[in-house]
Structures are given as structure tokens and as C-alpha cells.
Amino acid sequence: MKIGKRTIKTFIAVLITLSIYLILYAVNFACGIFETPGELSAREDLWYAPTNFYTPFFAGIAAVYAMQRDIASSRQQARIRSVGTIVGGYYGFIIVQIIEWIFLDAAKMTAGSLAYDVILYTAVSVGIIFLIVLTVKLKVTAATFVSCLTYLSVTVSIRNGGMPPFLFATNRILSTVIGVLVALFVNTFPHYFIKNRNILFISSLDNAMLNAKHELSPFMEYKLNALTGERCNFTFMTTRALTSLRNIFRNVKLQKPIIVMTGCAVYNPVEESYSSVVYIDRSLRAQPEELFARYGVNVFSYLISENTLHCYYDSVESAGAAEYYSRRRKSSSYTFVRAKVPKDMDIAQYVIIERDEVVSAIISDFSELDCAGEFNVISYPFQGMAGYSFLKINYKEALKENALGALGCGDYDCLICFGSGRTDVGAMKKADFSFCLANAPDYVKEAADYVIPSDEPDEIGKLIAKIFHTKNYRKFLSSLKNQE
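Note that the structure is a prediction, hence the values are computed from the model and not measured.

Undergrad: How should the nonpolar core be read in this particular structure?
TA: Side chains that are nonpolar tend, in soluble globular proteins, to be buried together. The biggest cluster of nonpolar side chains holds 86 residues, and the ones touching the most others in it are F201, F300, I416, F435 and I467. Those residues within four positions of I416 in sequence are excluded, and the remaining contacts are I199, L200, F201, I202, F433, F435, I467 and L477. Among the nonpolar cores identified, the runner-up in size contains 21 residues, and A403, Y412, A440 and V451 belong to it.

Dropping the structure here:
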């Protein structure tokens, strides 16, 4: 059985948290404190002993909790654990102080007595309501569970060790914070000292990054998130619109603008905005729309207004159009409008979903139009509906290679492209170095500097990581090219 890197890093983090206690115990002796841990907790005059402020059990739990597969997730879990522990720990201390101030002296009770426990448990139960409300007010609901866990530890377990409430709460908080810091250090330790942040990686999706199910594999999601945590610059170019991209990247934190709709626009996932939108010249719309009407096909006309993608359509009578509409009509990525596109609004793309033979006939007739040279026409199978194809028509300038400038390619020393289809060839030729998988069409292989000897999309993720961490990456790329 293979032991993974995360397992090894968890072992190292736990070992460090446990070793810290041994170091603190040695400091006790150096300071002339020879009491055992149990004796220390019972002696208030020795509250300052280093071991009183740290418990390896809590630190170890925090380290395991914060040790995630990628750095970004580790930071998120570390933040949740730290905030939750601080809020729950000191809130619990306040609750215990209030209980003792009001009830303990007045009733002449001692901690651990039945009467005291009844009062304590009742007050703690009521107090948890206000703790949950507090986390909501502070907008840290992700830390609610940890806050409640720490709160119960401080209030219910407080007397088990005999520590004063404030000291126990501080011990709990410091142990947790040290534990998550150790986990972060181990997880972010520069296993790879080289990080080529002067490279921009760009890849197509279908038949490249996506597997046979048209999804990112769990490994690819992990690898992309890990690269994001290391601030690797990568992005994508696709024929798809935003609605399908949000589902594909639901588990990946995208940081760079993406070329969408075959180059019709660039979408920024951080700012949730569109830029570099290429529209069809209004004077050219008449002939294509007359052709569509002659075939009686349902047409979806896409336009972008106020950073929102709108889809205008007349009807969804055909089976292909109905299926397409049913899959997307509830998406928050754009709005459907059942109406003709107003003449004063610009269209970025026409989309038709029809039987393969109908699409082929439209493409043939379209090529005979006087304005045919002003458009880019692409078609490919409609996933999940055999015998049907997409037909997408854009303005001639709406190309992936033309949209590269909007990605700020000039700010990088090197552009590396991974292509898979006809619409990627132009971008591959503009890149400093280009790749494709072994199952790519021949015309894509001819445009590539190197054909990856595998059909598996995960190999692209591995190659990006390798190039990103290679000291002399240009020499490495040249060696690959020479293998061809």
C-alpha cells in the first residue's frame, strides 16, 4: 500500500506538536519547576509554567484538522479552527466566570457537586444559543462547530484538570493555534523551491482537461487547487459558455480570466465580469437569420449586457433545442429571454442544436452566403443526445488566439498552450510552446511542439506542475521538442 504525501505531512506535523511539549517540559526544569503536570495544574502559584499554556492533545488534533491536500484548503481550515477556538474558548471562560460569580459563593457550593453541576449544565446549554448567534453576527458561521466544541471543552471539562478557567481557555486556544500553524508550516514548506510564476499556462477543456465523463477528475481538481495555492498562472480557453463552466469548476478556485464561447469574450471569475466581447456586425445578421428561418430551426442568440449573458430565443420546438433549454433554463449564469433580439442590441454568437444531417446542410448552405467569410462556423456533437450536434456561429474576429491579449500574455515570459481541437490551433501557434494528448486529431498534433504519449487528461496536470517547478524549464521544453 502506497503512503501518500498528505499522510507523511500529517505524521510530521503531529510529531512536531508532540515534541513541542517535550521542549516546554524541559524548559520547566530549566526554570526550576519540577512538579508533574497534575501538580502544576493544582498550584496557582506556578501558573506561569510553560507547560500550563500548551496541551499536545489539542495541538495534535488541530494539526490533523488543518492538514489538507492543498495549501489553499489548509489555510481555510486553519482560519476556521483558529477563529472558532478563540471565540468559543474565551466565551466559555466568561460563562464560567458569570456562573461562579452569581451562584457558587451564594449557594456555598463547590465545583463538582450535584447542585453546581445542575446550574452549570443548564447555563452552558442556554449559553450555546448565544454563542451560535454570536458566530452568525460575526459572520464566521464556518467556525460555529469548532466554537461550540471549544466552548463545551472549556465549560464542561474545565474542572477535570483543576486549572483556573482563564488559564485553561488560554491553554486550549494557544494549543490549537500552535497546532494549525505547525500544519500550515509543514504543508506550505517549499518542497519545490522553484516556482516559475513568469509562465502562463492555458488549456482547452474538452478532450484535454476533461475526462470521458466531461468532468475534471478528482486528481485534476486536487492538482489545480494545489497549483493555485502556489500562485501558478493557469487558465482555460473553451467553446463553452459560463453555465457549464461553473459546474465543471465547482471544486476548483479559479483566479485567472478565461476565454469563453470560442473567443467571443473573456470572463473574469474573481470579478465576475466579461471583457473583450466580440460582436457580430449588425449589417451581417440578415443573411444568416434568413437561412435559419428557411430551415425552420430554433436559434439561441447570445449577447452580453451589463456583465450578464443573455440568451434570446423564439421557441424550443425541436428535440435538440428543448433538451438544451431544459438543461440551462435554471442556471444563474445567464438569463433566457423569449423574444427577438432588439435591433439596437449586438449578438455575440448564434447557437443551434439540431440533427447531424440538418447541421451539415446548414453549414453547406452557409458557406454559399455572400457574408460567409465574415463568420467562424464550428460544429461538434451534443453531449448526451446521440445524432444531434451543436452549430455555433461567431464573428470572424472571435477567435481564441485573438483573445489571448486580454489575458495579459505580455506580462509573462512564456506562454504554454495545451490544445485539443480545431479552434485551438491558432492559439497553439501563437504560444511559445504547445502540447496535445495522443488522442488529438492529426491537425492538432501537427500544430503541437510535443505530443504527450498518453490519452489521460491527468497527464496535463502533472506536466503543468513539472514545468512550473523545473529550474531551467526552457531547457526541459527543448528536450521534449527534440524527442519528436
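Undergrad: How do you make sense of a nonpolar patch on the surface when you look at a structure like this?
TA: A cluster of nonpolar residues, I3, I8, F11, I12 and L15, forms a patch on the protein surface that exposes about 470 Å² of accessible area. Judged by its relative accessible area of 40%, I8 falls in the partly exposed class.

Undergrad: It is not clear to me how the packing of helix α1 (residues 5-30) against helix α3 (residues 56-66) should be interpreted in this structure. Could you clarify?
TA: The axes of two packed helices give the description: the angle between them and the distance between them. Here α1 crosses α3 at 160°, and the two axes come no closer than 9 Å. By the angle between their axes, α1 is roughly antiparallel relative to α3. Handedness of the crossing formed by α1 with α3: right-handed. Judged by residue contacts, T10, A13, V14, T17, L18 and Y21 of α1 engage P56, A59, G60, A63 and V64 from α3.

Undergrad: I would appreciate a short explanation of the pairing of strand β8 (residues 334-338) in the present structure.
TA: Remember that side chains alternate between the two faces of the sheet whenever the strand is regular. Pairing between strand β7 (residues 308-313) and β8: 5 bridges, direction parallel. Bridging across to β8, H310 finds its partner in T335.

Undergrad: Would you mind showing me how to read the sheet that holds strand β13 (residues 433-437) here?
TA: Within a sheet, each strand pairs with its neighbour through backbone hydrogen bonds, oriented either parallel or antiparallel. The strand order across the open sheet formed by 5 strands is β2-β1-β12-β13-β14, and the pairing between neighbours is parallel. The open sheet has two edge strands with one neighbour each: β2 (233-236) and β14 (450-452). Neighbouring strand axes in the sheet, compared pairwise and without regard to direction, differ in orientation by 20° on average. Taken together, the 5 bridges between strand β1 (residues 199-203) and strand β12 (residues 414-418) define a ladder with parallel strand orientation. By the bridge assignment for β12, L200 is matched with L415.

Undergrad: Got a minute to help me understand the pairing of strand β11 (residues 388-395) in this structure?
TA: Extensive coverage of β11 is indicated by the burial of 8 of its 8 residues. The sheet contact formed by strand β9 (residues 349-355) and β11 spans 7 bridges and is antiparallel. What sits directly across from Y350, in β11, is I393. Bridge count for strand β10 (residues 375-381) against β11 is 7 bridges, and the pairing is antiparallel. Bridging across to β11, N376 finds its partner in N394. Counting the residues that bridge the hairpin from β10 to β11 gives 6 residues, and of these G384 lies at a positive phi of roughly 85°.

Undergrad: What is the right way to look at the pattern of salt bridges in this model?
TA: Two side chains with opposite charge may pair up if their charged atoms get near one another. Enumeration according to the criterion identifies 10 salt bridges in this entry. The salt bridge involving K340 is made with D314; its shortest N-O contact spans 3.6 Å. Taken together, the positions of K340 in the loop between β8 and β9 and D314 in the loop between β7 and α12 (319-328) put the pair 26 residues apart, joining distant regions of the chain. For the salt bridge of E459 with K462, the shortest nitrogen-to-oxygen distance reads 3.3 Å. In this pair, E459 and K462 both sit in helix α17 (residues 458-468), 3 residues apart, roughly one turn of the helix. Judged by relative accessible area, K462 falls into the partly exposed class, the value being 41%. In this structure, a network of salt bridges that share partners links the residues E354, R355 and E357.

Undergrad: Help me understand the packing of helix α6 (residues 144-156) against helix α7 (residues 165-188) in this model?
TA: For the pair α6 and α7, the least separation of the axes is 10 Å and the interaxial angle reads 145°. Here the hand of the crossing between α6 and α7 comes out right-handed. Here L149, T150, S153 and V154 of α6 come into contact with α7, specifically with F168, A169 and R172. Residues of the contact of α6 with α7, tallied by class, amount to 4 nonpolar, 2 polar and 1 charged.

Undergrad: Please clarify how the sheet that holds strand β5 (residues 273-275) should be interpreted in this entry.
TA: The 3 strands lie next to each other as β3-β4-β5, forming an open sheet whose pairing is antiparallel. Two strands close off the open sheet at either side, each with one partner strand: β3 (258-260) and β5. Strand after strand, the sheet turns through a mean of 35° between neighbouring axes, direction not considered. Bridge count for β3 against strand β4 (residues 265-268) is 3 bridges, and the pairing is antiparallel. Opposite I259, over in β4, you have V266 as the bridge partner.

What counts and how
- Residues numbered from 1 in each chain as written.
- Predicted model: local features only at pLDDT ≥ 70, side-chain atom pairs only at ≥ 80, totals over all residues.
- Heavy atoms only, no water.
- Core = buried A, V, L, I, M, F, W, Y, C linked by side-chain atoms within 4.5 Å.
- Buried < 20%, exposed > 50% of the residue type's maximum accessible area, 1.4 Å probe, protein only.
- Contact = heavy atoms within 4.5 Å.
- Patch = residues over 30% accessible without salt bridge, like charges linked within 9 Å, V, L, I, M, F, W, Y side chains within 5 Å.
- Areas by Shrake-Rupley, 256 points an atom, 1.4 Å probe, with all protein chains shown as cover.
- Salt bridge = Lys/Arg side-chain N within 4 Å of Asp/Glu carboxyl O.
- Axes fitted to C-alpha atoms, helices over the stretch in contact; angles between N-to-C directions.
- Helix = DSSP H or I, 4+ residues; strand = E, 2+ residues; numbered from the N terminus.
- Parallel < 35°, antiparallel > 145°, perpendicular 65-115°, else oblique.
- Left-handed = near helix turned anticlockwise from the far one by under 90°.
- Pairing = 2+ DSSP bridges.
- Nonpolar A, V, L, I, M, F, W, Y, C, P; charged D, E, K, R; others polar.

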